[in-house]
Amino acid sequence: MLDFSILINNLDTYLEGFKNTVLASIIALIGSFIIGVIVAVMRIAPIKPLNWIGSAYVEFIRNIPLLIIAFFFYIGLPSIGVTLSGFVAGTIALAIYTASFIAEAIRAGIQAVPKGQMEAARSSGLTYLQAMRIIILPQAIKIVIPPIGNQFINLVKNSAILGMIAGLDLMYFGDLVSSHTFVTFPVYIFVAMFYLVLTIPLSLGVGYLEKRLARSH
Amino acid sequence: MFKSKTSKIAGVLLLSASMLLSACGKGDKETSGTAAKNALEQIKSKDKIVIGVKYDTRLFGLKNPSTGDVEGFDIDISKELAKDLLGDAKKVEFKEVTSKTRIPMLNNGDIDAIVATMTISEERKKEVDFSDVYFDAGQSLLVKKGSAIKGLEDLKKGTKVLAVKGSTSAINIRQKAPDTTVLEFENYTEAFTALKAGQGDALTTDDSILYGMADQDSNYELVGGTFTDEPYGIAVKKGNKELVDAINSALKKMKENGKYDEIHKKWIKSH
Amino acid sequence: MDIAGALSVDHLKFLADGFKLTLYVAFISIVLSFIIGIVFGTLRYANIPFLSKVVAVIVETIRNLPLLLIIFFIFFALPEVGLKLSPTVAAIAALTVFESAMLAEIVRSGLNSIDKGQIEAARSSGLTYIQTLVSIVMPQALRRMVPPIVSQFISLLKDTSLCVIIALPEFMHNAQIIYAQNINFIIPIFVVVAFMYFIVNYCLSLIARRLESRQA
């Protein structure tokens, strides 16, 4: 039923896109985690202006489409003198967008740890940062792993946005194969398979972690 | 309390679902009608022709956000076509197509014909029927004034050329300048915006479309002349000889009575 | 930047037209995906031999694909096998397919979070399995599901912007037509578009939070 010659004849193109999708996902994943942790800490730190900035970041970015952020970096920034390639602009947009969800997951996780523990740790002589690092974060991590895992799966799927700004990812090259061969159905089925190769194992992994962590509670 | 709310929600849900279903149902009826009658009779019986045009191509089909109208060479040709087929230039409805969506839109029955800077090519003839040529274009290059690129021979390794997905020029440029990097976009808006944003060194497509871009922004110019022939045709669904004949006779009349030259002069004047 | 030129009255009207279509497409897709999501989530939860497994495979496959791919597929690939949809219907279909799968998963985990003891108690008091599900489990689960469901709706509203690839004249598409005229319009237009999405979505998330705190 499926015409595999499409896949075989264009395998290099598919693999090039697949490689870039993986690369963009990994970079954006690391980037979004770092930004997410920083923003989450800003939101719960006992300093009001930091709280405001952190909240503004999360609320604003979470509520606007990723596409606007990606377009902003690709064609908006050059009008103020910064030109980024589609791959770089898309990856930055992905990291910034996903970070808002990760920050929110981390904040919720930290606040799920009873407040009394922080007070007890502080009164036993630990500084705020020490209490955070030794007492609160290890517990919070267990709570936040499943939602963060889900955000990473979303990130991989959302990376298809690179296809719209010539980001040379799987979606972009799949689209080219389709417009150059005048074939669509099998072309997109193969693109889908490449995405599933990435996302299904991730989903299974997150599901497994979720069950294990639930048991250890 | 929860119960009454759910029942309200359920009511809204049902209503919307039935709305959508009836909308789908309507679509079905229209497509099945196509099979029964030929496309020309169908256009005549609904007394309206739906034409797919570009909304983002200056000089050919450009949506003016201020007036809400679409304007250009293709638009005026379409109106003349409606005048010839249905006796009134107003009996035409425009729908937006892009290079990528136009063939699916035609085959889906959303539009009766494509008048959208569409090159007649052997590949496309397998999918649609074309009228006679109504405009002669050729592929060229658009660059920022003062660019080192003066023609096809300057497209070397590392040069970034922007093109549009699904266009013949995207395929041609890979053959004519195999060493350059070609970046493809969804439509001309995105491609030209990307060029203006410095995301590429040149933009390639038909000279006719590029003139429109140069017309819009005088910082850009065409270089190197044309290096392909891109004869534009009006496309209809495959197997509609009557409609193709009617369109060809309309085109012929336009050329004979001077209307074609008038439209040509109005849009393509200075080039 | 040309703020005054970018945000002329005509341009704002044109943007408003696009926004109306965005809201329309999002609303219908929300309604449809809500119904389908509940049905599929419940089917998967109910552990019906074979059927639940089939539903699970469908839901997991769709959930793990990019929405952009699903939009492309429905509009460009399905006509090859005979299913032809206009851009508006294709947009609604794609959003509904994707968001239904996301919602089905929310519904399933919501149902799973209800204590199994309650089901046993209801069953032993003489209710059938379906009665138990509809009158005992579902109402409690739905209340718990409100926050994730609302955030899924927010995602859906944002995701309508992807329909720009099939030239659906929605918000993002009309924005593109405006900034195509002049590169100096880009940033002001982006700011306006982002704020419109933000306002609607932020209001939705406030509603979700109120519902959440009321049930707590």
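From a predicted model like this one, the values you see are computed outputs, not experimental measurements.

Concerning the overall build of chain B
Turning to step 1, where the next piece is worked out: Of regular secondary structure, chain B possesses ten helices and 13 strands.
Turning to step 2, where the next piece is worked out: Burial status across chain B gives 55% buried among its 271 residues.
Turning to step 3, where the next piece is worked out: Looking at chain B alone, contacts between residues at least 24 apart form 69% of all its contacts between residues at least 6 apart.
Turning to step 4, where the next piece is worked out: Total accessible area computed for chain B in this model is approximately 11800 Å², and 52% of it derives from carbon and sulfur atoms.

Focus on the UniProt feature "domain: ABC transmembrane type-1" (unreviewed entry) in chain C
Turning to step 1, where the next piece is worked out: Following the UniProt record, one finds the feature "domain: ABC transmembrane type-1" (unreviewed entry) at residues 19-208 of chain C.
Turning to step 2, where the next piece is worked out: The span residues 19-208 of chain C is 78% helical and 0% strand by assignment, and the distance between its end C-alpha atoms comes to 22 Å.

A closer look at the confidence of the model for chain B
Turning to step 1, where the next piece is worked out: When pLDDT is averaged along chain B, the result is 85; 85% of the residues meet or exceed 70.
Turning to step 2, where the next piece is worked out: Segment residues 1-36 of chain B: pLDDT under 50, and 20 contacts once partners within four positions in sequence are set aside and those in other chains are kept.

Things to note about the packing of aromatic side chains
Turning to step 1, where the next piece is worked out: In this structure the tally under the stated criterion is 31 aromatic pairs over all chains.
Turning to step 2, where the next piece is worked out: Between Phe72 of chain A and Phe73 of chain A, the aromatic rings sit 5.7 Å apart at their centres with planes inclined by 90°, giving edge-to-face as the arrangement.
Turning to step 3, where the next piece is worked out: Looking at Phe72 of chain A, the relative accessible area reads 28%, which means it is partly exposed.
Turning to step 4, where the next piece is worked out: Judged by relative accessible area, Phe73 of chain A falls into the buried class, the value being 14%.
Turning to step 5, where the next piece is worked out: Ring centres of Phe60 of chain B and Phe135 of chain B lie 5.2 Å apart, and the angle between their planes is 85°; on these two criteria the pair is classed as edge-to-face. A residue pair is termed long-range when its members are at least 10 positions apart, and Phe60 of chain B in the loop between strand S2 (56-57) and strand S3 (61-63) and Phe135 of chain B in strand S7 (residues 128-137) qualify at 75 residues.
Turning to step 6, where the next piece is worked out: When its relative accessible area of 0% is taken as the criterion, Phe60 of chain B is described as buried.

Some thoughts on the interface of chain C and chain B
The figure often quoted for interface size is the accessible area lost as the parts come together.
Turning to step 1, where the next piece is worked out: Contacts between the two partners involve 35 residues from chain C, matched on the other side by 30 residues from chain B.
Turning to step 2, where the next piece is worked out: Here chain C and chain B share an interface that buries about 2800 Å² over both sides, 69% of which is from carbon and sulfur atoms.
Turning to step 3, where the next piece is worked out: Across the chain C-chain B interface, the total number found is zero salt bridges.
Turning to step 4, where the next piece is worked out: Where chain C packs against chain B, one counts five residue pairs in polar contact (both at pLDDT 80 or more).
Turning to step 5, where the next piece is worked out: Counting residues per element, the ones that place at least two in the side of chain C that touches chain B are helix H2 (9-45), helix H4 (67-77), helix H5 (87-112), helix H7 (129-159), helix H8 (171-179) and helix H9 (186-215) of chain C.

As for the interface of chain A and chain C
Turning to step 1, where the next piece is worked out: Counting residues at the interface gives 38 residues for chain A and 39 residues for chain C.
Turning to step 2, where the next piece is worked out: Summing both sides of the interface, chain A and chain C together bury roughly 3200 Å²; the carbon and sulfur share of this comes to 74%.
Turning to step 3, where the next piece is worked out: Taken together, chain A and chain C are joined by one salt bridge.
Turning to step 4, where the next piece is worked out: A salt bridge links Arg209 of chain C to Glu59 of chain A, with the nearest nitrogen and oxygen atoms 2.9 Å apart.
Turning to step 5, where the next piece is worked out: Applying the counting criterion to the chain A and chain C interface returns ten residue pairs in polar contact (both at pLDDT 80 or more).
Turning to step 6, where the next piece is worked out: Among the elements of the structure, helix H3 (48-62), helix H4 (66-76), helix H5 (86-112), helix H7 (128-158), helix H8 (170-181) and helix H9 (185-216) of chain A are those that each provide at least two residues to the side of chain A that touches chain C.
Turning to step 7, where the next piece is worked out: Residues belonging to the side of chain A that touches chain C are distributed by class as follows: 27 nonpolar, seven polar and four charged.

Quick notes on the domain arrangement of chain B
All names here are of chain B.
Turning to step 1, where the next piece is worked out: Taken domain by domain, chain B consists of domain 1 (37-136 + 232-268) and domain 2 (139-223).
Turning to step 2, where the next piece is worked out: For domain 1 versus domain 2, the distance between C-alpha centres works out to 26 Å.
Turning to step 3, where the next piece is worked out: In this complex, domain 1 contributes 16 residues to the contact, which on the side of domain 2 involves 16 residues.
Turning to step 4, where the next piece is worked out: In total, domain 1 and domain 2 occlude about 1200 Å² of area from one another, counting both sides; carbon and sulfur atoms represent 55% of this.
Turning to step 5, where the next piece is worked out: Scanning the region where domain 1 abuts domain 2 turns up zero salt bridges.
Turning to step 6, where the next piece is worked out: On inspection of domain 1 and its partner domain 2, the count reaches four residue pairs in polar contact (both at pLDDT 80 or more).

A closer look at the confidence of the model for chain C
Turning to step 1, where the next piece is worked out: Here chain C averages 90 in pLDDT, and 99% of its residues register 70 or above.
Turning to step 2, where the next piece is worked out: What the predictor reports for the complex is a pTM of 0.85 with an ipTM of 0.90.

Structural notes on the packing of helix H2 (residues 11-44) of chain A against H3 of chain A
Residues and elements named next belong to chain A.
Turning to step 1, where the next piece is worked out: The interhelical angle for the contact between H2 and H3, taken along N-to-C directions, is 130°, at an axis separation of 6 Å. Between H2 and H3, the angle falls in the class oblique. Crossing geometry of H2 relative to H3 is assigned as left-handed. Residues Ile35, Val39, Met42, Arg43 and Ile44 of H2 lie in contact with H3, whose contacting residues are Leu50, Asn51, Ile53, Gly54, Ser55, Tyr57, Val58 and Glu59.
Turning to step 2, where the next piece is worked out: Classifying every residue of the contact of H2 with H3 by side-chain character gives eight nonpolar, three polar and two charged.

Considerations on the sheet that holds S2 of chain B
Residue and element names in this part refer to chain B.
Turning to step 1, where the next piece is worked out: Spatially, three strands are ordered S2-S3-S4 in an open sheet, and the strand pairing comes out antiparallel. The two strands at the open ends of the sheet, each matched to only one other strand, are S2 and strand S4 (70-71).
Turning to step 2, where the next piece is worked out: Here two bridges tie S2 to S3, and the two strands are oriented antiparallel to one another. Directly across from Thr57, in S3, lies its bridge partner Gly61.

Things to note about the sheet that holds strand S10 (residues 181-185) of chain B
Residues and elements named next belong to chain B.
Turning to step 1, where the next piece is worked out: Strand order in the open sheet made by the five strands is S10-S9-S11-S8-S12, with mixed pairing throughout. Strands at the two margins of the open sheet, each flanked by one partner only, are S10 and strand S12 (220-223). Adjacent strand axes in the sheet meet at a mean angle of 35°, parallel and antiparallel pairs treated alike.
Turning to step 2, where the next piece is worked out: Taken together, the five bridges between strand S9 (residues 160-164) and S10 define a ladder with parallel strand orientation. Counted as the bridge partner of Val161 is Val182 from S10.

Some points on the side chain of Asp76 of chain B
Residues and elements named next belong to chain B.
Turning to step 1, where the next piece is worked out: Checked against the element boundaries, Asp76 lands in helix H3 (residues 73-86).
Turning to step 2, where the next piece is worked out: Judged by relative accessible area, Asp76 falls into the buried class, the value being 12%.
Turning to step 3, where the next piece is worked out: Of note is the side chain of Asp76, whose polar atom sits 2.9 Å from the side chain of Lys266.
Turning to step 4, where the next piece is worked out: Among all residues touching Asp76, those that are not within four sequence positions of it are Ile263, Lys266 and Trp267.

The rules behind these values
- Along every chain, residues carry numbers that run from 1 in the direction the sequence is written.
- Ligands are numbered from 1 and chains lettered from A, in the order in which they are written.
- Only residues with pLDDT of at least 70 get local features here, since the model is predicted, and only at 80 or more are side-chain atom pairs given and counted; chain-wide, interface and lining totals rely on the full set of residues.
- Where side-chain values are given, they derive from all heavy atoms of the structure, hydrogens and water being excluded.
- Helical segments are the DSSP runs of H or I of at least four residues, strand segments are the runs of E of at least two, and each set is numbered from the N terminus.
- For each residue, the accessible area found with a 1.4 Å probe, counting protein chains only, is set against the maximum for its type, and the residue is called buried under 20%, exposed over 50%, and partly exposed in between.
- Note on contacts: a residue pair qualifies if any of its non-hydrogen atoms lie within 4.5 Å across the two residues.
- Computed by Shrake-Rupley with a 1.4 Å probe, the accessible areas treat only the displayed protein chains as cover when residues are assessed.
- UniProt positions are given in the numbering used here, feature names are shortened, and annotations may be inferred rather than shown by experiment.
- Per-residue confidence from the predictor is given as pLDDT, running between 0 and 100.
- Note on aromatic pairs: the rings of Phe, Tyr and Trp (six-membered ring only in Trp) are paired at centre separations within 6.5 Å, and the planes decide the class, stacked below 30 degrees, edge-to-face beyond 60, tilted for the rest.
- Summed over both partners, buried area is the accessible surface (1.4 Å probe) that two parts give up on being assembled.
- Within this document, salt bridges are pairs made up of a side-chain nitrogen of Lys or Arg and a carboxyl oxygen of Asp or Glu, the two lying within 4 Å of each other.
- Under the rule applied, a polar contact is a pair of N or O atoms within 3.5 Å (in protein, one hydrogen donor and one hydrogen acceptor; residues adjacent in sequence only if both atoms are side-chain atoms).
- Under the scheme applied, nonpolar residues are Ala, Val, Leu, Ile, Met, Phe, Trp, Tyr, Cys and Pro; charged residues are Asp, Glu, Lys and Arg; polar residues are all the others, including Gly.
- Each domain's limits were defined by an automated method or a database of domain assignments.
- Lines fitted to C-alpha atoms define the axes, with helix axes restricted to the stretch in contact, and inter-axis angles between N-to-C directions lie between 0 and 180 degrees.
- Here the word oblique covers every angle except those under 35 degrees (roughly parallel), over 145 (roughly antiparallel) and from 65 to 115 (roughly perpendicular).
- Less than a right angle of anticlockwise turn of the near helix away from the far helix marks a crossing as left-handed, whereas a clockwise turn marks it as right-handed.
- Paired strands are those between which DSSP finds at least two bridges.

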